[in-house]
Amino acid sequence: MIDYPFLPRVFPLGVILFDFLFLLVAIAIEAYILQRRLNFDRRTSSFYAIAINVFSSVIGWIIFFFVEPMLPVRFKAELVDYIFFNQLRYANHIQSIIVLTAFIIFFATFLVKYILMKVMLISLSDPSKNKPQTEIIKRRNSRRNNKFKWQNSNLVTSLLIANSLSYTVIVIIVFIRSAYV
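Because the structure is predicted, anything quoted here is derived from the model rather than measured. Sequence positions are assigned chain by chain, starting from 1 and proceeding in written order. Note on the predicted model: pLDDT of at least 70 is required for a residue's local features to be given, and 80 or more for side-chain atom pairs to be given and counted; whole-chain, interface and lining totals, by contrast, use all residues. As a rule here, side-chain values come from all non-hydrogen atoms in the structure, and water together with hydrogens is ignored.

Colleague: I keep staring at the overall build of the protein chain and nothing clicks. Help me out?
Modeller: In this description a helix means any DSSP run of H or I spanning at least four residues, a strand means any run of E spanning at least two, and both kinds are numbered starting from the N terminus. Helix and strand counts for the protein chain come out as five helices and zero strands. Secondary structure of the protein chain in N-to-C order comes out as α-α-α-α-α. Note on classification: 1.4 Å probe, protein chains only; a residue is buried when its accessible area is under 20% of the maximum for its type, exposed when over 50%, partly exposed between these limits. Within the span of the protein chain, comprising 181 residues, buried residues form 23% of the whole. What makes two residues a contact is simply this: any of their non-hydrogen atoms within 4.5 Å. Residue pairs at least 24 apart in sequence account for 72% of intrachain contacts in the protein chain once pairs closer than 6 positions are excluded. Surface accessibility of the protein chain: about 13,600 Å² in total, with carbon and sulfur atoms responsible for 68%. Per-residue and other accessible areas follow the Shrake-Rupley method at a 1.4 Å probe size, with only the shown protein chains counted as cover for residues.

Here is the structure:
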């Protein structure tokens, strides 16, 4: 048999499939929330949900592969046991670290999704629509600033709700997986 030096000997197919399932669930939930709360059409909300979830997933895996070699041996062993065998040997000792890590991942993912969404909204907006008449600018300047502040907080709230709902469903799926496997 041909030996490929770049391919791993053990391939974590279950992790890849569950990550794909988590992406599908998150995309569906977040697209629905973006459509309802930000008044996007279905295609636009699906596009933004796919983009922010795929990019944040890729960024998360890159961070994971940079952080994983720096972990202590005990945590690496626990991580491998959980990924390949779906069990934790020292579950009582590591639960607080898992909860802390989950909170950090949740808020880091929210921040990454917010930044990605702002970048996409700015880069994909039509610059010709942003040229108002000069006389109207002076009268409506204070109202426009309030409107932009409201839209910004609406984006933050919508992304926080979407991220929370998708993470809740993902946690439920993980609990169901651990209960039946």
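Colleague: Honestly, helix α3 (residues 73–85) in this entry has me stumped. Any pointers?
Modeller: Side chains that are three or four residues apart share a direction in an α-helix, a result of its 3.6 residues per turn. Expected span, for any helix, means 1.5 Å times one less than how many residues it has. Given a rise of 1.5 Å per residue, 13 residues ought to cover 18 Å, and the 17 Å separating the end C-alpha atoms of α3 matches this to within 8%. Of the residues trailing α3, N86 is marked for its positive phi of about 55 degrees.

Colleague: Explain the nonpolar core to me, please; I cannot follow it from the model alone.
Modeller: One broad trend across soluble globular proteins is that nonpolar side chains are buried collectively. Counting residues in hydrophobic clusters, the biggest one holds 15 residues, and the most contacted among them are L34, I52, M117, M120, L155 and L159. Of all the secondary-structure elements, those providing two or more residues to this core are α1 (13–38), α2 (42–67), α4 (91–123) and α5 (134–180). Sorting elements by how many residues they give to this core places α4 first, with five residues. Apart from residues no more than four positions distant in its own chain, M117 is found in contact with L34, L38, F40, Y48, I52, L155 and L159. We define the nonpolar core as a collection of buried residues of types Ala, Val, Leu, Ile, Met, Phe, Trp, Tyr and Cys that are connected through side-chain atoms lying within 4.5 Å of one another. Counting residues in each nonpolar core, the second largest holds eight residues, with F22, V25, I29 and I173 among its members.

Colleague: How should the side chain of E78 be read in this particular structure?
Modeller: Tracing the sequence through the fold places E78 in helix α3. The residues contacting E78, other than those within four sequence positions of it, are L88, R89, Y90 and I94.

Colleague: When you look at the UniProt feature "transmembrane region" (unreviewed entry) in the protein chain in this model, what are you seeing that I'm missing?
Modeller: UniProt positions are given in the numbering used here, feature names are shortened, and annotations may be inferred rather than shown by experiment. Cross-referencing UniProt, the feature "transmembrane region" (unreviewed entry) maps to residues 12–34, 46–67, 94–116 and 153–176 in the present numbering. A helix fraction of 96% and a strand fraction of 0% characterise residues 12–34, whose end C-alpha atoms lie 32 Å from each other. Annotation note: span residues 94–116, helix share 100%, strand share 0%, distance between end C-alpha atoms 32 Å.

Colleague: Whenever I open this one, the packing of α1 against α2 confuses me. Can you help?
Modeller: Each pair of packed helices gets described by two things: the angle between the helix axes and the distance between those axes. Two elements in contact, α1 and α2, have axes separated by 8 Å at closest approach and are oriented at 140 degrees. The pairing of α1 with α2 is recorded here as oblique in orientation. Crossing handedness for the pair α1 and α2: right-handed. Residues V15, D19, L23, A26, I27, E30, A31, L34 and Q35 of α1 form the contact with α2, whose participating residues are R42, S45, S46, Y48, A49, I50, I52, N53, V54, S57 and W61. Basically, the charged four are Asp, Glu, Lys and Arg, the nonpolar ten are Ala, Val, Leu, Ile, Met, Phe, Trp, Tyr, Cys and Pro, and anything else, Gly included, counts as polar. Considered class by class, the residues forming the contact of α1 with α2 number 12 nonpolar, five polar and three charged. Helix axes are fitted to C-alpha atoms over the stretch in contact, other axes to C-alpha atoms as well, and angles between N-to-C directions run from 0 to 180 degrees. An angle below 35 degrees is treated as roughly parallel, one above 145 as roughly antiparallel, one from 65 to 115 as roughly perpendicular, and anything else as oblique. With the far helix as reference, a near helix turned anticlockwise by less than a right angle produces a left-handed crossing, and one turned clockwise produces a right-handed crossing.

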